[in-house]
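Take a look at the letters that make up each chain.
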Amino acid sequence: MRIPHSLATVLRVCVSGGLLALLIVISRDELSALDVDSKSAAAAWLIAAALAIAAAFVMAAARWWRVADTLDLKVSGRSMLSIYLAALFVGNFLPTTIGGDVLRVNRLSHLCGSEASAFATVIIERLTGWVVLPLLTLAALASQPSLLTHSGGQIAGALAVGTLVMLAFIVWIAEHPRGLGRLSGGSRIRDALGAVHTGLSIFRRAPRAAGRLLGVGFAYQFLLVVATALTGAAIGVNPGLRAWLAFAPMVLIVQLLPVAIGGLGVREGALVLFLDAHGVNEGEAVLLGLLLYALTLLVSLSGAPTLAFGGRRRRGKPQAEVPLGR
């Protein structure tokens, strides 16, 4: 039974509101006791965090362009950045988890002439993040095993391993000839899934391209971890670099779950869970999550002009079909 979109949105708003209300009630004493030593220093940290988020979004667009270039879609990096920023605005300001990706597929398909190929670039670009984030967490936990002595570290480790196992299964199904490789033609959905299979096969045969893609993906996710640490510094939260590397990636994964609006409530709850054993009280963790969300919204405003005007001009006629691979 399919839940109507409007009802799903209402449910997600209720989940976000309920979780936030619960967290604020639980941590109201800590929130009221928060005292920032220097407001000017805090502002400087937050500006640095916003710049790190902006740089991360540029790297995310570069990661998407890397995918498109490997799949032989001839689109400029500037166009990809423009589309990505517009999609970012949609994803962060509208109550939906897929609206931004739908816009990316739609606008890129107008440029490259193939909706299936555009869909494949978005899916493969998304999968890259699910590779990098758990690897960052596992590397940090391996370098500092003491992080595993409390429940937050154990949950982060289990979540990272589970994510990699799930991702491996998804990629195997998508790339295997008897999986998505059997889907080609007959409908738009079959064409799109078949394009994902073909795209993953191209990356398997081009390990250097895959390595470059993962490198850009690492830079993107690392910048988001840096932004989290800088935001924490603004309110005096500093559990240590390896703690940030272990827990911030898992927060990024958890907040993508389609149960809340913009990860509100889920992100803050995850921060409370992961940072509890590192001298960070509930009030500080909740405030950190809200500040991260606010900074993300602020940077996402840069996508408003490209959303409004970016899809109006088209240069030349799109190609009838763009082949996947060289």
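Residues numbered from 1 in each chain as written. Predicted model: local features only at pLDDT ≥ 70, side-chain atom pairs only at ≥ 80, totals over all residues. Heavy atoms only, no water.

K.L.:
Just checking my understanding: could you explain the pattern of salt bridges for this structure?
P.N.:
When the charged atoms of two side chains lie near each other, side chains of opposite charge can form a pair. Considering all chains together, one arrives at six salt bridges under this definition. Glu125 is the salt-bridge partner of Arg63, the closest N and O atoms lying 2.5 Å from each other. Taken as a pair, Arg63 in helix α3 (residues 39-70) and Glu125 in helix α6 (residues 115-143) lie far apart in primary sequence, 62 residues in all. Of the two residues examined, Arg63 and Glu125, each falls in the buried class. Between Asp101 and Arg104 there is a salt bridge, and its shortest N-O distance comes to 2.9 Å. Taken together, the residues span about one helical turn, with Asp101 and Arg104 both in helix α5 (residues 99-112) at a distance of three residues. Salt bridges here are not isolated pairs; linked through shared partners, they connect Arg63, Asp101, Arg104, Glu125 and Arg126. (Salt bridge = Lys/Arg side-chain N within 4 Å of Asp/Glu carboxyl O. Helix = DSSP H or I, 4+ residues; strand = E, 2+ residues; numbered from the N terminus. Buried < 20%, exposed > 50% of the residue type's maximum accessible area, 1.4 Å probe, protein only.)

K.L.:
Looking at this structure, how should I read unusual backbone geometry?
P.N.:
The phi angle of most residues is negative, glycine excepted, and most peptide bonds adopt the trans form. You will see that Asp72, though not glycine, has its phi angle at about 70°, which is positive. Locating Asp72 in the fold gives a position in the loop between α3 and α4 (77-93). The buried category is assigned to Asp72, whose relative accessible area is 16%.

K.L.:
Just to check I follow, could you spell out the environment of Glu284 for this structure?
P.N.:
When you line up the elements, Glu284 lands in helix α12 (residues 282-300). Overall, Glu284 belongs to the buried group, its relative accessible area being 14%. In this structure the C-alpha to C-alpha distance between Glu284 and Val272, which are 12 residues apart in sequence, comes to 8.4 Å.

K.L.:
What am I meant to see in the nonpolar core here?
P.N.:
Generally speaking, soluble globular proteins have nonpolar side chains that are buried together. Counting residues in hydrophobic clusters, the biggest one holds 65 residues, and the most contacted among them are Tyr84, Leu108 and Phe247. Sort the elements by how many residues they give to this core and helix α10 (residues 241-254) lands first, with 11 residues. Each residue touching Tyr84, except ones within four places of it in the same chain, is listed here: Phe57, Ala60, Ala61, Trp64, Arg104, Glu125 and Tyr220. Leu71, Ala116, Leu127 and Ala195 belong to the second largest nonpolar core, which has 15 residues in total. (Core = buried A, V, L, I, M, F, W, Y, C linked by side-chain atoms within 4.5 Å. Contact = heavy atoms within 4.5 Å.)

K.L.:
Sorry, what's going on with a nonpolar patch on the surface here?
P.N.:
Residues Met166, Phe169, Ile170, Trp172 and Ile173 make up a contiguous nonpolar surface patch of about 500 Å² in total accessible area. With respect to the helices and strands, Ile170 occurs in helix α7 (residues 151-175). With a relative accessible area of 38%, Ile170 lands in the partly exposed category. (Patch = residues over 30% accessible without salt bridge, like charges linked within 9 Å, V, L, I, M, F, W, Y side chains within 5 Å. Areas by Shrake-Rupley, 256 points an atom, 1.4 Å probe, with all protein chains shown as cover.)

K.L.:
What is the right way to look at the packing of α10 against helix α11 (residues 266-275) in this model?
P.N.:
Any two packed helices are characterised by how steeply their axes cross, that is the angle between the axes, and by the distance between the axes. At their nearest, the axes of α10 and α11 sit 9 Å apart, and the two run at 155° to each other. Between α10 and α11, the angle falls in the class roughly antiparallel. Between α10 and α11 lies a crossing of right-handed hand. Between α10 and α11, the residues in contact are Trp244, Phe247, Met250, Val251 and Val254 and Val266, Arg267, Ala270, Leu271, Phe274 and Leu275, respectively. Grouping the amino acids of the contact of α10 with α11 by side-chain chemistry returns 10 nonpolar, no polar and one charged. (Axes fitted to C-alpha atoms, helices over the stretch in contact; angles between N-to-C directions. Parallel < 35°, antiparallel > 145°, perpendicular 65-115°, else oblique. Left-handed = near helix turned anticlockwise from the far one by under 90°. Nonpolar A, V, L, I, M, F, W, Y, C, P; charged D, E, K, R; others polar.)

K.L.:
Can you walk me through the confidence of the model for the protein chain in this structure?
P.N.:
Detailed reading of predicted coordinates is not advised where the pLDDT is low. Predicted confidence across the protein chain gives a mean pLDDT of 83, with 78% of residues reaching 70 or more. Looking at the elements of the protein chain, mean pLDDT is at its lowest for helix α2 (residues 28-33), recorded as 59, and at its highest for α10, recorded as 95. Throughout residues 313-326 the model reports pLDDT below 50, and contacts reaching past four residues in sequence, or to other chains, amount to 30 contacts. (pLDDT = per-residue confidence, 0-100.)

K.L.:
Just to check I follow, could you spell out α11 for this structure?
P.N.:
Since the α-helix turns once every 3.6 residues, residues separated by three or four places project in the same direction. Among the 10 residues of α11, eight are classified as buried, and the element is accordingly described as predominantly covered. Three or more residues of α11 are buried, namely Val266, Arg267, Glu268, Ala270, Leu271, Val272, Phe274 and Leu275.

K.L.:
Looking at this structure, how should I read α5?
P.N.:
Spanning 14 residues, α5 covers 20 Å between terminal C-alpha atoms, matching the ideal 20 Å at 1.5 Å per step. Of all 14 residues in α5, 10 are buried, a share of seventy percent or more. Those residues of α5 lying buried are Gly99, Gly100, Asp101, Leu103, Arg104, Val105, Arg107, Leu108, Ser109 and Cys112. One or two positions beyond α5, positive phi appears at Gly113, with a value near 85°. (Expected span 1.5 Å × (residues − 1).)

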